[in-house]
Amino acid sequence: MSLRAGIVGCGGISRSHATAYDGLEDINLVAMCDINRDTLNNRADEYGVSNRYTDYAEMFENETLDIVSVCTHAPLHAPITIAAAKAGIHVLCEKPLSVDLETADQMLKACNKADVYLAVSHQFRFTPLFRHAKSLVDTGKIGELRSIREVGKGREAGFELMEMGVHYFDEMDFFLDGISWIQAHITYHGHDVTDADIMHSSELCQTDRRDNGIVAGDTMLIHIGGARGTYGIVELYKREQTHGWMMGPHLLGSEGQLMIKPNPKTGIDEMWCCPFDVTFAAHTPVWEQIKLDTSAFIISGKEWKSRHTIWSAKNMRDAILNGNQPELGGRNALTSLECVSATYVSHFTGKKVQLPLDERSHPLIHS
């Protein structure tokens, strides 16, 4: 059986989804949609897709699709996903899943009702290096896992929370075997964030066009409690020069450290291990790179060493073909966005916030 795939939203991230479908067996990209005809044609030409639409409802009506990637700005994720569900189409949604839990719940409800899958594309956890790191942690390579640290790319924290923060929350969920609580502190221009500092993402971050809805703060320190008692730390703050290579988990254990970071020159992830639990400026034992055989990165005869969408698309494809829930499908699709809401709730209440949240409305929008 070969699945028929479509993409809604032909901006930058759509190339990663299109490349994923192009690189996977048993799935074919047959239709694309974007409200901007030039953007649509450019991407469709790139991948030789002839069925082109400027209206996703029309695409869902005219095409027999098994799966659709939703690659638009976040506020449109919900209406597109719900329309896809009603058309009987499985959904692989870009992050963040939505701008608030209320609409995310509606997305999941619609997909459950239609008996189709909804998964969010956090591809990091599916890559061979992340999978291998998890197995090393679980088998005691660095002793007892004590903490995980992540640092953002350098954009304003409220914006970054919805862009990279959701990835980091998913990493934490992966390595910590679940997230129990969030405790956060947020500042803006040096003072604690108040209601007066709540704004639209385009006002907070003017270097990125993506619409992430209502946000707050340029600096965040977020403590994350793992289900088994281990914790994580996420630091998001504005820097003049952004560094994508800084993103990646630093795992600290009782007998050593593991780190996965993109090489600053190639952008390809590398995993390094240190057999000591404390880092000194000049006296730390030598870090050694842990390399995997090239075969671990092969999909359909091609090597995929980056954190590419193909890894999450592969999990979604396999789930559909095998009739099982994708790893980041169902309730698991909501976890990273739930952590976003909990971050704001924790800051404004000054308390540790337990997950799952009972309140589903946007924590920064007050009636």
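Up top you'll find the structure we're talking about.
A short tour of the structure in this document, coming up.

## Focus on the packing of aromatic side chains
Remark: the centre distance and the inter-plane angle together describe each pair of aromatic rings, the angle taken between the planes.
Then, in step 1: Counted by the stated rule, this structure contains 5 aromatic pairs.
Then, in step 2: Plain terms: the ring middles of tyrosine 56 and phenylalanine 60 are 5.9 Å apart, the flat faces sit at 55° to each other, and that makes the pair tilted. Residue tyrosine 56 and its partner phenylalanine 60 are both found in helix 3 (residues 56-62); the two are separated by 4 residues, about one turn of the helix.
Then, in step 3: Ring geometry for phenylalanine 174 and phenylalanine 175: centres 5.1 Å apart, planes at 65°, overall edge-to-face. Grouping residues by exposure puts phenylalanine 174 and phenylalanine 175 together as buried.
Then, in step 4: Taken together, Phe124, Phe130, Phe174 and Phe175 form an aromatic cluster joined through their ring pairs.
Then, in step 5: In this structure, lysine 302 is placed above the aromatic ring of tryptophan 304, and the distance from its NZ or CZ to the ring centre is 4.5 Å.

## Considerations on the sheet that holds strand 4 (residues 67-70)
Then, in step 1: The strand order 3-2-1-4-5-6 describes an open sheet built from 6 strands, whose pairing is parallel. Each edge of the sheet is formed by a strand with only one pairing partner; in this case those strands are strand 3 (51-53) and strand 6 (118-120). Adjacent strand axes in the sheet meet at a mean angle of 25° when their direction is disregarded.
Then, in step 2: Sheet topology places strand 1 (residues 3-8) next to strand 2 (residues 27-33); 6 bridges connect them, and they run parallel. Counted as the bridge partner of alanine 5 is leucine 29 from strand 2.
Then, in step 3: With respect to the sheet, helix 1 (residues 14-23) is in contact with strand 1, strand 2, strand 4 and strand 5 (90-93), its orientation differing from that of strand 1 by roughly 170°.
Then, in step 4: Each of strand 1, strand 2, strand 4, strand 5 and strand 6 is contacted by helix 9 (residues 310-322), which is oriented at about 165° to strand 5, the strand it contacts most.

## Side note on the packing of helix 7 (residues 157-175) against helix 10 (residues 335-349)
Then, in step 1: Relative to each other, helix 7 and helix 10 sit at 120°, their axes nearing to 8 Å. Considering the angle they form, helix 7 stands oblique to helix 10. The interaxial crossing formed by helix 7 with helix 10 has right-handed handedness. Across the interface between the two elements, Gly158, Leu161, Met162, Val166, Phe169 and Asp173 from helix 7 touch Thr335, Ser336, Leu337, Cys339, Val340, Thr343 and Tyr344 from helix 10.

## A short note on the side chain of arginine 125
Then, in step 1: Inspection of the secondary structure puts arginine 125 in the loop between strand 6 and helix 6 (128-138).
Then, in step 2: Arginine 125 has contacts with Phe130, Arg131, Asp170, Asp173, Phe174, Glu327 and Leu328, leaving out every residue within four places of it along the chain.

## Digging into the pattern of salt bridges
Then, in step 1: Under the counting rule described, the total for this entry stands at 25 salt bridges.
Then, in step 2: We note a salt bridge from lysine 134 to aspartate 177, for which the minimum N-O separation is 3.0 Å. Linking lysine 134 in helix 6 with aspartate 177 in the loop between helix 7 and strand 8 (179-188), this pair joins segments that are 43 residues apart in sequence.
Then, in step 3: Under the relative-accessibility criterion, aspartate 177 is labelled partly exposed at 35%.
Then, in step 4: Linking arginine 155 and aspartate 208 is a salt bridge whose minimum nitrogen-to-oxygen distance equals 3.1 Å. Highlighted residues: arginine 155 in the loop between strand 7 (145-151) and helix 7 and aspartate 208 in the loop between helix 8 (201-204) and strand 11 (214-216), separated in sequence by 53 residues. A single burial state applies to arginine 155 and to aspartate 208, both of which are buried.

## Some remarks on helix 1
Then, in step 1: Taking burial as the measure, the 10 residues of helix 1 include 8 buried ones, the bulk of the element.
Then, in step 2: Considered for burial, the residues of helix 1 that qualify are Ser14, Ser16, His17, Ala18, Thr19, Ala20, Tyr21 and Gly23.

## Focus on helix 10
Two residues of an α-helix separated by three or four positions point the same way, owing to the 3.6 residues in each turn.
Then, in step 1: End to end, helix 10 covers 21 Å across 15 residues, agreeing with the expected 21 Å (1.5 Å per residue, within 8%).
Then, in step 2: For helix 10, the buried fraction is high: 12 of the 15 residues fall into the buried class.
Then, in step 3: Of the residues making up helix 10, those classed as buried are Thr335, Ser336, Leu337, Glu338, Cys339, Val340, Ser341, Ala342, Thr343, Tyr344, Ser346 and His347.
Then, in step 4: At the C-terminal side of helix 10, glycine 350 shows a positive phi close to 70°.

## Here's the deal with unusual backbone geometry
With glycine set apart, most residues show a phi of negative sign, and most peptide bonds adopt trans.
Then, in step 1: Note that the residue after lysine 95, namely proline 96, is joined by a cis bond; omega there is -10°.
Then, in step 2: Among the secondary structure elements, proline 96 is positioned in the loop between strand 5 and helix 5 (101-114).
Then, in step 3: Residue proline 356 is bonded to the preceding leucine 355 through a cis peptide linkage, with omega at 0°.
Then, in step 4: Residue aspartate 26 is not a glycine yet carries a positive backbone phi of 65°.
Then, in step 5: If you trace the backbone, aspartate 26 turns up in the loop between helix 1 and strand 2.
Then, in step 6: Aspartate 26 sits in the partly exposed class, given a relative accessible area of 40%.
Then, in step 7: Positive phi, close to 55°, is recorded for histidine 189, a residue that is not glycine.
Then, in step 8: Residue placement: histidine 189 occurs in the loop between strand 8 and strand 9 (191-192).

Analysis parameters
- Residues numbered from 1 in each chain as written.
- Predicted model: local features only at pLDDT ≥ 70, side-chain atom pairs only at ≥ 80, totals over all residues.
- Heavy atoms only, no water.
- Phe/Tyr/Trp six-rings, centres within 6.5 Å; stacked < 30°, edge-to-face > 60°.
- Helix = DSSP H or I, 4+ residues; strand = E, 2+ residues; numbered from the N terminus.
- Buried < 20%, exposed > 50% of the residue type's maximum accessible area, 1.4 Å probe, protein only.
- Lys NZ or Arg CZ within 6 Å of the ring centre and 35° of its normal.
- Pairing = 2+ DSSP bridges.
- Axes fitted to C-alpha atoms, helices over the stretch in contact; angles between N-to-C directions.
- Contact = heavy atoms within 4.5 Å.
- Parallel < 35°, antiparallel > 145°, perpendicular 65-115°, else oblique.
- Left-handed = near helix turned anticlockwise from the far one by under 90°.
- Salt bridge = Lys/Arg side-chain N within 4 Å of Asp/Glu carboxyl O.
- Expected span 1.5 Å × (residues − 1).

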